[in-house]
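What follows is each chain in one-letter form.
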Amino acid sequence: FPVTIAREVEGDRKAQLKELEGKGKMEAPKYLDSPLKEFPGRMIRVWLPPGYEDGQDHYPVIYCHDGQNIFDPGGPFGSWSADKIAEEEIRAGRVRPAILVGIDNTPDRVREYLPPQDVVPKGRPAEGEKGRADLYARYLLEVVRPYVNQKFRTLADRENTLVLGSSMGGVVSHYLLQNYGDIFSGAGVFSPAYWASPRFFGESFKKPKPAGRIYLDMGTREGRSYWPDVIRIYLHWVAGGAVIFRDVWFQPGFRAEHNEKAWKERLPAALRFLLPPKNQE
């Protein structure tokens, strides 16, 4: 009897490995126009996991902000190397195979990622102007997501639709989960710049728990304007009933600064939490 079980497990493992034959693939960047007034279109970058081209399976999708920096070779600030990291984690069986979609930013990045109840901080482009995260959300949900779901073999339900980003991208990831929890089931909130969105941050305390699974992190060298807020919201969620390691995960980055190098190092932990293999959920 134990031998039979062992053979079945080994057979399942071989089948999984066969599904992952081949490498992940970067699609050519695609410009998606915007029908929204005062909100420009931009490039999106799609990475397909190992096994996608040779099979017929459908996959979860993670939408990533600051798309220029997500995949190698990255942008002027470096790269998360999400394509290489995701492939390594998937092949090791630590992360469920998924499609990653990078959505490029624009020079108006701060305002586009800022929740609409806040205004752009002093010294930033469009200072004093109302945030446009509501327009960004519409662009993602009305333009990017329909294109991705039509073009690729996706699992388009809530459970398999996630979002992640860093700094202001972390803020807008939290915003999207909080306001569109019927669409997104999880968010990677890396080094969120809550200091730039005091009204949205304050309103977040009205909800005892996040609307879905949240990975939250902060580097120990990111400064006093970042650390207190992220600890406050984490403790609030836990006190409100969020279960550690099931609903929310806080990952400190020791000696880590506010940059792509640090987020790259913490990305494996985020992927493992947000998209664990089915038998580990």
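Above this text is the structure in question.
What comes next is a walk through the structure. (Residues numbered from 1 in each chain as written. Predicted model: local features only at pLDDT ≥ 70, side-chain atom pairs only at ≥ 80, totals over all residues. Heavy atoms only, no water.)

Observations concerning the side chain of Arg266
So, step 1. Secondary-structure assignment places Arg266 in helix α8 (residues 260-274).
So, step 2. What makes Arg266 buried here is its relative accessible area of 6%.
So, step 3. Among the polar contacts listed, one links the side chain of Arg266 to the side chain of Ser191, at a separation of 3.2 Å.
So, step 4. A distance of 2.7 Å separates a polar atom in the side chain of Arg266 from a polar atom in the side chain of Asp217.
So, step 5. Leave out the neighbours within four places in its chain, and Arg266 touches Phe190, Ser191, Tyr215, Asp217, Met218, Gly219, Glu222, Gln251, Gly253 and Ala256. (Helix = DSSP H or I, 4+ residues; strand = E, 2+ residues; numbered from the N terminus. Buried < 20%, exposed > 50% of the residue type's maximum accessible area, 1.4 Å probe, protein only. Polar contact = N/O pair within 3.5 Å; in protein donor to acceptor, adjacent residues only side chain to side chain. Contact = heavy atoms within 4.5 Å.)

Topic: helix α2 (residues 82-91)
So, step 1. Counting buried residues along α2, 7 of its 10 residues qualify, which places the element largely inside the surrounding structure.
So, step 2. Among the residues of α2, Ala82, Asp83, Ile85, Ala86, Glu87, Glu89 and Ile90 are the ones counted as buried.
So, step 3. Summarising the contacts, the buried residues of α2 are in contact with β1 (25-26), β3 (42-48), β5 (99-103) and α8.
So, step 4. Where α2 ends, the next residue or the one after it, Gly93, has phi of about 80°, a positive value.

Regarding the nonpolar core
So, step 1. Within the largest apolar cluster, 55 residues are counted, with the highest numbers of intra-cluster contacts made by Tyr63, Ile99, Val101, Val144, Phe184 and Leu216.
So, step 2. Per-element accounting of this core gives the leading share, 10 residues, to helix α4 (residues 133-151).
So, step 3. Non-local contacts of Val144, meaning those with residues more than four positions away in its chain, are made with Leu32, Ile44, Tyr63, Val101, Ile103 and Tyr139.
So, step 4. Formed by 25 residues, the second largest nonpolar core is a distinct cluster that contains Phe71, Ile85, Ile90 and Leu164. (Core = buried A, V, L, I, M, F, W, Y, C linked by side-chain atoms within 4.5 Å.)

Let's talk about the packing of α4 against helix α5 (residues 168-179)
So, step 1. Running from amino to carboxyl end, α4 crosses α5 at an angle of 70°, the nearest separation of the two axes being 11 Å. Here α4 lies roughly perpendicular to α5, going by the angle between them. Two secondary-structure elements touch here, α4 through Ala133, Asp134, Tyr136, Ala137 and Leu140 and α5 through Val172, Tyr175 and Leu176.
So, step 2. Across the contact of α4 with α5, the residue classes break down as 7 nonpolar, no polar and 1 charged. (Axes fitted to C-alpha atoms, helices over the stretch in contact; angles between N-to-C directions. Parallel < 35°, antiparallel > 145°, perpendicular 65-115°, else oblique. Nonpolar A, V, L, I, M, F, W, Y, C, P; charged D, E, K, R; others polar.)

Focus on the pattern of salt bridges
So, step 1. Under the definition given, this model contains 20 salt bridges.
So, step 2. Between Arg42 and Glu112 there is a salt bridge, with its nearest N and O atoms 2.8 Å apart. Taken as a pair, Arg42 in strand β3 and Glu112 in helix α3 (residues 109-113) lie far apart in primary sequence, 70 residues in all. Take Arg42 and Glu112: they sit in the same class, and that class is buried.
So, step 3. Residue Arg266 pairs with Asp217 through a salt bridge whose shortest N-O separation is 2.7 Å. Within this pair, whereas Arg266 is found in helix α8, its partner Asp217 is found in strand β8 (residues 213-219), the two being separated by 49 residues in sequence. Comparing Arg266 with Asp217 shows no difference in burial state: the two are buried.
So, step 4. A network of salt bridges, in which partner residues are shared, links Glu38, Asp108, Arg111, Glu129 and Arg132. (Salt bridge = Lys/Arg side-chain N within 4 Å of Asp/Glu carboxyl O.)

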